[in-house]
Amino acid sequence: QYKDAYQAILDGVKGGAKEKRLAAQFIPKFFKHFPELADSAINAQLDLCEDEDVSIRRQAIKELPQFATGDNLPRVADILTQLLQSDDSAEFNLVNNALLSIFKMDAKGTLGGLFSQILQGEDIVRERAIKFLSTKLKTLPEEVMTKEVEEFILTESKKASVLEDVTGEEFVLFMKILSGLKSLQTVSGRQQLVELVAEQADLEQTFNPSDPDCVDRLLQCTRQAVPLFSKNVHSTKFVTYFCEHVLPNLGSLTTPVEGLDIQLEVLKLLAEMSSFCGDMEKLESNLKKLFDKLLEYMPLPPEEAENGENAGNEEPKLQFSYVECLLYSFHQLGRKLPDFLTAKLNAEKLKDFKIRLQYFARGLQVYIRQLRLALQGKTGEALKTEENKIKVVALKITNNINVLIKDLFHIPPSYKSTVTLSWKPVQKADASQKRASEDTTSSSPPKKASAGPKRDARQIYNPPSGKYSSNLGSFSYEQRGGFRGGRGRGWGGRGNRSRGRIY
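Since we're looking at a predicted model, the values are computed, not measured. (Residues numbered from 1 in each chain as written. Predicted model: local features only at pLDDT ≥ 70, side-chain atom pairs only at ≥ 80, totals over all residues. Heavy atoms only, no water.)

## Focus on the overall build of the chain
So, point 1. Assigned secondary structure in the chain consists of 22 helices and 0 strands.
So, point 2. Counting every position in the chain, which comprises 503 residues, the buried fraction comes to 51%.
So, point 3. In the chain, once contacts between residues fewer than 6 apart in sequence are set aside, the share between residues at least 24 apart is 72%.
So, point 4. Here the chain has roughly 23,600 Å² of accessible surface; of this, 48% comes from carbon and sulfur atoms. (Helix = DSSP H or I, 4+ residues; strand = E, 2+ residues; numbered from the N terminus. Buried < 20%, exposed > 50% of the residue type's maximum accessible area, 1.4 Å probe, protein only. Contact = heavy atoms within 4.5 Å. Areas by Shrake-Rupley, 256 points an atom, 1.4 Å probe, with all protein chains shown as cover.)

Next up, the structure:
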């Protein structure tokens, strides 16, 4: 008789609003007493979760965790994950809370439901399931996020079927999920993550600089890898790939991101990675590629006419931001082959390099003096103006280049000095340096004043006021760069799905 009564409650989902509200409460309340009607009960509650009346939907969703018992839990997790597509904020919050509550009952079972939808769900469901994991896992207590649960997350995430169809934004979220796992905070854990990123970057493939997706994929993956590198977790594989495949094609790189200085972005990443490069197989060859690229941005002084005046050649533009990155990378890798400049280059090439260094250093000294003079006595609010922020960054960059050039002028060249890259935070610094670490530069070099009648360095290198960088902004690994187009190309080209991308 009770079974018939419970069946009557289940049939209530086909009735009016009052019957449905009662059913939404009583179906879960008596669910455990009628295991033989479990499927019917869950389906009935699911019907209520999709009702047109928002209040009925909310009541039905709120009660869903009561069905999460035994073998039913993964199914309930799967249902709740699908309900993440709701655009009603109150309903969406109820779904989140319900998922968290069953997470505490059985974390692996709940993850099974979430990953099922990540693999097979609709676009919006997949995206929101990944975002749920990236934001909520870190809020769960240790007794829920056990080592076994973390290993399950890593195993599921590493499955080719999950990552083969991932978009750039989704991959960033997966890395956020995995790098937040306590079990991966060890050296071996970070090494696993680096290998995962290297696999996703597909460093075995032929690099195509004219394919925006190919370039963007490499940059996004590299941004995820950079924070993982250390003296124990080496960047060798990435640095080698950049030297062999990216640097020679620097001028022909394309990007789908409007307004992004793709060349500077690449050089910044290379500079950051170069500090953690281990033993490299083709060190001399790659150092030569780096040296050749550096020479492109280290101009020779303009020729003089017989009367000592400029022969009419236009003054070379000095790309300070590019040179900081290239000189730093060369300095870092040069430590591994300290006789490169003296033993691996012929005397003529070394002489040519010294002339370029000297010419660059002369202009640098003038510019540093002018920047210091412009910033002298300025503190607090005065340093927060756009013009002064640019000057502070410019001073940090030029000081860095100056230190590195001095090292290379030693006989033999030295690689002992240490500098902090201009866009990286420093531990001990004055106010202006701290401010400089918060900003980045573009590749826009200072414009030169027209040369006077004599080759006076002060005239040649007179920079305009505050025009060092045209697009100052915070550099964020997760936000710089983006992914355009559908999943049919680039990151998603290997899958069968055809999802659009969320920004």
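Okay, back to it.
## Notes on the side chain of Glu-156
So, point 1. Here Glu-156 shows up in helix α9 (residues 147-158).
So, point 2. With near-sequence residues (within four places) excluded, Glu-156 lies in contact with Phe-115 and Val-162.

## Some points on helix α3 (residues 38-49)
So, point 1. The end-to-end C-alpha separation of α3 is 16 Å, in line with the 16 Å expected for 12 residues at 1.5 Å each.
So, point 2. Buried residues of α3: Ala-38, Ala-41, Ile-42, Ala-44, Gln-45, Leu-48 and Cys-49, and no others. Seen end-on, α3 carries its buried residues on one side only, within an arc spanning 160°. (Expected span 1.5 Å × (residues − 1). Arc of directions from axis to C-beta.)

## Considering the packing of aromatic side chains
We describe a pair of aromatic rings using the distance from one ring centre to the other and the angle between the two ring planes.
So, point 1. Following the criterion strictly, the structure yields 12 aromatic pairs and no others.
So, point 2. Centroid distance Phe-26 to Phe-30: 6.1 Å. Interplanar angle 20°. Geometry classified as stacked.
So, point 3. With centroids separated by 5.0 Å and ring planes inclined at 55°, the aromatic side chains of Tyr-297 and Tyr-322 adopt a geometry described as tilted. Separated by 25 residues along the polypeptide, Tyr-297 in the loop between α16 (283-296) and α17 (320-334) and Tyr-322 in helix α17 bring together distant segments of the chain. Side by side, Tyr-297 and Tyr-322 carry an identical accessibility label, which is buried.
So, point 4. The rings of Phe-291, Phe-330, Phe-340 and Phe-353 are connected pair by pair, giving a single aromatic cluster.
So, point 5. One cation-aromatic arrangement involves Lys-268 over Trp-423; the distance from NZ or CZ to the ring centre is 5.1 Å. (Phe/Tyr/Trp six-rings, centres within 6.5 Å; stacked < 30°, edge-to-face > 60°. Lys NZ or Arg CZ within 6 Å of the ring centre and 35° of its normal.)

## Structural notes on the confidence of the model for the chain
So, point 1. Averaged over every residue, the pLDDT of the chain is 82; the share at 70 or more is 82%.
So, point 2. Confidence scores differ between elements of the chain, with helix α22 (residues 457-460) showing the lowest mean pLDDT of 30 and helix α14 (residues 236-246) the highest of 97.
So, point 3. Throughout residues 429-503 the model reports pLDDT below 50, and contacts reaching past four residues in sequence, or to other chains, amount to 214 contacts. (pLDDT = per-residue confidence, 0-100.)

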